[in-house]
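Structure at a glance
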Amino acid sequence: MPPREMELPAQDAKLVLSLPTIHCQNCIASVERALSAHAKVRSARVNLTLKRALIDAEPDVTAPELIALLDASGFEAYELDPNALNETATNTAGRDLLMRLAVAGFASMNVMLLSVAVWSGAADATRDLFHWVSAAIALPAIAFSAQPFFRNAWSALRAGRLNMDVPISLAILLALATSLWETWLSGHHAYFDAALTLTFFLLAGRWLDARARSAARSAAEELTALEVPRAWKIEGGKPVEVPVATLCVGDHVLVHPGARAPADGIVLEGHSEVDRSMLTGETVPVPRRPGDEMGAGEVNLTGLLVLRATAVGQDTSLQRMAALVAIAEGGRSRYTSLADRAAKLYAPGVHILSALAFLGWLIWSGDLRVSLNIAAAVLIITCPCALGLAVPAVTTAASGRLFGKGLLIKNATALERLAEVDTVVFDKTGTLTTGHPALMNWGDLTVCQQRLVYALARGSEHPLSRAIVDAAERAKLEPAPVGDLRELPGFGTSATMNGRLSKLGRLEWVGAVSDFDGLCAAFDCGDGRPFVLKFEDSERPAARPSIKGLSDMGINVILLSGDRTPVVKSFARNMNISDWQAELLPVDKEGLVRAMGENGRKVLMVGDGLNDTAALAAAHVSISPAQALDAARAASDIVLLGNDLAPIAEAVSVAQNATQRIKENFRIATLYNVIAIPLAVAGMATPLIAALAMSASSISVSLNALRVRGRR
C-alpha cells in the first residue's frame, strides 16, 4: 500500500471528512493540496480506500469552511464524527473475530470428516490423499483464523516477554509442522484436525471476551468535549468572537443565555441563574449577580452575563476535573485480572515443560520424530484453552443474567472487581432520587391560589416552576388570567391580576421566611401574605430495598452529596444511612473515594452527574444510570438500564457467584493438566488425543459457567 494510503487513527485528527467522489491518486493529490493551502491546516491525509480525509488543524478551523474549500476545487465533502468512527472500528474488530471463528469452525468440521475416514481404516495412498486434502484445508484456514494469536505472540516476543498467546501459537504451529512431516513421510497420523479444533475453541474464548467488553469513550474525553471552542470577548466595548485558546486572565467575556462559560471568572455585570450540576450534581439553578464566581462549562440559563476571566485553558475547573478523571482512570486500569495472574505463571511453565519433554525423549530414544510428537502433544494438552475460556465464558453468562435484570456490563474485569466490594458510595440527586422536584404542599392552596401560581409558573423554565406546572396539570386546572407576566432572572416571575402584583420566586425576593430545610419557593398573590411552597426530590424506585439488601450482605453504605447539609441529613435519615457527607465538590468526592481505596476498602461508586465522574473513575468499580450524562456513563463500568435500583444488590451477588465459578474453572483446568500432562510427557497421548482432551476440558469449563446465579 502506498504511504499515503496508511490510515491514521481517527482520534489523532481534529476533523474527518468523507469524500465520496474521489477515485484516483490525482484526486488524493488535489484534495491534499487544497486542504494544505489553508493557513491553519497543519496536515491533511487522504485514504482512497475509505474515501476519507483526516485533517489536523488549529482549534478555530471548522468543517464547513474546509468543505467549502473542497467544493471550490470540485470535490464533494461531508463531516464525519471521529468518535463514531472509533466505535465502528471496535464493532468491526468484533465482527472480524466472529468471521475467523466461523472459518475455523467450518474448516475443522471438514477436516474431522476426513479424519473419520482415516480412523475407519483408510490406508496407504487413500490415507495420504486424505491427509494432503486436510493440509490444503487447514493451512489457509489457520493462516487466516489464528492471526490474532500469532500477532499478539510476535508482539510479546519482540518486547522480550511471554503471554498466553505464545504457547497457543507454538502449539498450533508445532501441530501443523508435525502433521506436515507425518504426511510427507506417509505416516499413519496427522493432526490437522487438532490444530483447527484448538484454534476454534481459542477463538470462541476470544470472541466471548470481546462480547463482554463495551466500547466507551474516556470520561476525560467527555469532560473535555464540554469545552466551548469559541468565546465572545469584549474588545473596545464591543463583543468579538475569538477562539477560546486565545483568552487570557483578565479578559472580559460575554456569556449569552443558554451558553456555557468558556473560562472560570467573576461576574461583572448582569443577573442570571446558572446550572451548576456539573460541579454539585444539583439540578436546581443558583442565582448569579456581580461579584459571584462562575466556572468553565457552567450553563447560563436566563440573563446576559459579563465575566472577568480568572482561569483559562488548562487552569479552568473543567480541565482540572478532566485531569483528575484521567489520573483516576489510569489507576483503575492497572487492575490485574485472575486470568492475567494465571497467565503470568502459566506461559513460562508450559514452554519449559515442553522443552524438557522434547530433550528428555531425544536423549532417551534418539528419535527426533518421536520427541517432536511428544513435545507437540505436551504443548497441545497444556494449551491454555480452558484457561482462555474460564473467564469469558463466566463473564458472558453472568453479563447475560444481569442484562436481564437491567444492568449492562461494560468492562471485562468489572465482575471480578464487583465481587470484591465491601463499601458502596451513593450520590444523592439523580441516583438515589429522581432529580425532579415534586411539590409537597400543593393541597394547602385554595383553587384560586393554585390557578394563579400556575399562571406565574408557566412563565419560567426553572425546575421548581416546572414542578408547579406538573401539579396543576395533574389537577387539570386552567391558569388564572394574568397580565404583564415577566421573569426577573435570578429572582422569579411576577404578573398582575385585578390590579394587584403577584410574585413567585426566591423567598427573600417575595418577602417570606421559612425554617424548612429542603427546597422551597415563595408565592404572594398580592395580599402581602406570602405562602411558602415546599418541594422534595422523590426517591428512586426500590432505593430503600436496595440499600437494605446491600446492608444485609454486610456491605457498608455511604451517602456523598453536593447538596446542602440540612437536605442531605434529612434524606440520609429517611433512607437509614448513618454515614453521609454534604456540600462536596467533585475533588472532595474523588478524594474521599480514593482515600477509602488507599485504606484497603473496595468501593463501589454509584453516581450520575459530571460532579461524580472523578469519583466513578477512582472507585474500585462503578455504576451509573442510563439517564446519566455521557461523562458519568463513560467513567462507569456498569450501566443501570432502568429506573429501579434493586438490581444493584443482585449484581454484587451475581458477581460473587461468577468469581467463584471462575476460580472453579481454574481448578478444573488445573486438575485436567495434573492428570493429562504426565500422560503426554510419558508418550501415552498423541497430539490427536491431546486435542480431544483439551476440547473436553474446554466444554466442561463452559458448562460450569452456566451455573452462575444470584441471590435466592
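Whatever comes next refers back to the structure up there.
My aim in this report is to walk through the structure given alongside it, one point at a time.

Calculation criteria
- Each chain carries its own residue numbering, running from 1 in the direction its sequence is written.
- Local features in a predicted model are, by the rule used here, given only for residues with pLDDT of at least 70; side-chain atom pairs are given and counted only at 80 or more, and totals for whole chains, interfaces and linings are based on all residues.
- Calculation of side-chain values draws on the structure's entire complement of heavy atoms; hydrogens and water are dropped beforehand.
- Segments assigned H or I by DSSP are reported as helices when at least four residues long, segments assigned E as strands when at least two residues long, and all are numbered from the N terminus.
- Pairs of N or O atoms are called polar contacts if they sit within 3.5 Å, as long as, within protein, a hydrogen donor faces a hydrogen acceptor (for residues adjacent in sequence, only side-chain-to-side-chain pairs).
- In this analysis, two residues are considered to be in contact whenever any of their non-hydrogen atoms come within 4.5 Å of each other.
- Expected span of a helix: the number of residues minus one, times 1.5 Å.
- Relative accessibility under 20% of the residue-type maximum defines a buried residue, over 50% an exposed one, and the middle range a partly exposed one, all with a 1.4 Å probe and only protein chains included.
- Taken from the helix axis, the directions to the C-beta atoms give the arc we talk about.
- Any two strands between which DSSP finds at least two bridges are classified as paired.
- The patch calculation keeps residues exceeding 30% relative accessible area without a salt bridge and links them within 9 Å when they carry like charges or within 5 Å when they are nonpolar (Val, Leu, Ile, Met, Phe, Trp, Tyr).
- Accessibility throughout is a Shrake-Rupley quantity obtained with a 1.4 Å probe, and a residue counts as covered only by protein chains that appear here.
- A side-chain nitrogen of Lys or Arg and a carboxyl oxygen of Asp or Glu constitute a salt bridge if their distance falls within 4 Å.
- Helix axes are fitted to C-alpha atoms over the stretch in contact, other axes to C-alpha atoms as well, and angles between N-to-C directions run from 0 to 180 degrees.
- For classification purposes, angles smaller than 35 degrees are called roughly parallel, those larger than 145 roughly antiparallel, those between 65 and 115 roughly perpendicular, and all remaining angles oblique.
- Handedness of a helix crossing follows the sense of rotation of the near helix relative to the far helix, less than a right angle counterclockwise being left-handed and clockwise being right-handed.
- Amino acid classes used here: Ala, Val, Leu, Ile, Met, Phe, Trp, Tyr, Cys and Pro are nonpolar; Asp, Glu, Lys and Arg are charged; the rest, including Gly, are polar.

Re the side chain of Lys589
Position of Lys589 relative to the elements: it lies in helix α21 (residues 586-598). Polar side-chain contacts of Lys589 include one of 2.6 Å to the side chain of Asp612. Contact partners of Lys589, with chain neighbours within four places excluded, come to Asp427, Leu560, Ser561, Gly562, Leu584, Asn611, Asp612 and Ala615.

Notes on unusual backbone geometry
Positive phi values are uncommon outside glycine, yet Lys476 reaches one of about 55°. Position of Lys476 among the secondary structure elements: in the loop between α17 (463-474) and β17 (483-488). The phi dihedral of Asp484 is positive, around 55°, even though this residue is not glycine. Looking at the element boundaries, Asp484 is found in strand β17.

Thoughts on helix α5 (residues 147-158)
For α5, built from 12 residues, the straight-helix expectation of 16 Å at 1.5 Å per residue is met to within 8% by its first-to-last C-alpha distance of 16 Å. Within the sequence span of α5, burial applies to Pro148, Phe149, Ala153 and Ala156. Here the buried residues of α5 occupy an arc of 120° about the axis, which is enough to place them on one side. Facing away from the buried side of α5 by more than 90 degrees, the exposed set consists of Trp154 and Arg158. Remark: Gly160 follows α5 within two positions and exhibits a positive phi of approximately 75°.

Focus on the pairing of strand β19 (residues 500-505)
Taken residue by residue, a regular strand's side chains alternate between the two faces of the sheet. Here strand β18 (residues 492-497) pairs with β19 via 6 bridges, running antiparallel. Residue pairing across strands places Gly492 opposite Gly505, the latter belonging to β19. From the end of β18 to the start of β19, which pair antiparallel, there are 2 residues, and Asn498 there has a positive phi angle of about 55°.

A few points about a nonpolar patch on the surface
A contiguous nonpolar surface patch, about 510 Å² in accessible area, is contributed by Leu671, Val674, Ile675, Leu679 and Met684. Positionally, Leu671 belongs in helix α24 (residues 647-681). When its relative accessible area of 53% is taken as the criterion, Leu671 is described as exposed.

Examining the packing of helix α4 (residues 124-145) against helix α6 (residues 165-184)
With their axes 11 Å apart at the nearest point, α4 and α6 run at an angle of 155° to one another. The orientation of α4 relative to α6 falls into the category roughly antiparallel. Where α4 crosses over α6, the handedness of that crossing is left-handed. Every residue of α6 that contacts α4 at His131, Trp132, Ala135, Leu139 and Ile142 is listed here: Ile172, Leu176, Leu180, Thr183 and Trp184. Split into classes, the residues belonging to the contact of α4 with α6 amount to 8 nonpolar, 2 polar and no charged.

Thoughts on the pattern of salt bridges
The final tally for this structure, using the stated rule, is 11 salt bridges. Among the ionic pairs, Arg486 bridges to Asp484, the shortest N-O distance being 2.8 Å. Of the charged contacts in the structure, one is a salt bridge between Arg506 and Glu508, with a shortest N-O distance of 3.1 Å. Its relative accessible area of 27% is what places Arg506 among the partly exposed residues. For Glu508, a relative accessible area of 55% corresponds to the exposed category. One network of salt bridges, with partners in common, ties together Lys233, Glu235 and Asp251.

Re the sheet that holds strand β7 (residues 252-255)
Here 6 strands make up an open sheet; going across it, the order is β6-β5-β7-β13-β8-β11 and the pairing antiparallel. If you trace the sheet from one side to the other, it starts and ends with β6 (238-243) and β11 (293-294), each paired once.

Notes on the environment of Gly528
On the secondary structure map, Gly528 appears in the loop between β20 (519-524) and β21 (531-539). Using a relative accessible area of 54% as the deciding quantity, one classes Gly528 as exposed. In this structure, the C-alpha to C-alpha distance between Gly528 and Leu501, residues 27 residues apart in sequence, is 9.7 Å.

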